[in-house]
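# Coordinate analysis (summary)
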Amino acid sequence: MIAYVYLDPANVPSEVMLQWNDGNWDHRAYWGANNIGWGVDGTNSQRFMGALPPAGQWVRLEVPASAVGLEGHVLNGMAFTLYGGRATWDHAGKVSPVNPSLVAANGPSIFNGWIDLLMLVWTY
């Protein structure tokens, strides 16, 4: 699963978290400090993914579905969470695996459509 983020270099958050809902919100991945107290660290409900991404540039965050207990699950929500600071979010969704036999048969142009974005459901 992926999401693109741009951290404001003038106001950097201390933590960036992505959350997914498959009937509950206990599927989270975070970068940076562990300041958001949701879930249990080291489990599918709060998985540390590494240092905070660099500020002032677009970064693609990547989380294997298996790292947060979502392999084979249907999702119905996604949340973008910060602790302090500011960020801008862009494309989010999933990356489909590339079939090597399709690439061999069709050439590199097969990559033109290999990202399948999730439909995000926003609630107010």
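The notes below deal with the structure included here. These figures come from a predicted structure and were not determined experimentally. (Residues numbered from 1 in each chain as written. Predicted model: local features only at pLDDT ≥ 70, side-chain atom pairs only at ≥ 80, totals over all residues. Heavy atoms only, no water.)

## Focus on the pattern of salt bridges
- By the definition in use, this model includes 3 salt bridges.
- Between D26 and R28 there is a salt bridge whose closest N-O contact spans 3.6 Å.
- On the basis of relative accessibility, which here comes to 7%, the residue R28 falls in the buried class.
- Here E62 ties to R60 by a salt bridge, and the two come within 3.1 Å at their closest N and O atoms. (Salt bridge = Lys/Arg side-chain N within 4 Å of Asp/Glu carboxyl O. Buried < 20%, exposed > 50% of the residue type's maximum accessible area, 1.4 Å probe, protein only.)

## Section: the environment of N44
- As for its placement among the helices and strands, N44 is situated in the loop between strand 3 (27-32) and strand 4 (47-50).
- In this structure N44 comes out as partly exposed when scored by relative accessible area, which is 31%.
- For the pair N44 and A29, spaced 15 residues apart in sequence, the C-alpha separation works out to 7.9 Å.
- Sequence-distant contacts of N44, that is, excluding residues within four places in its chain, are made with D26, H27, R28, S66, A67, V68 and G69. (Helix = DSSP H or I, 4+ residues; strand = E, 2+ residues; numbered from the N terminus. Contact = heavy atoms within 4.5 Å.)

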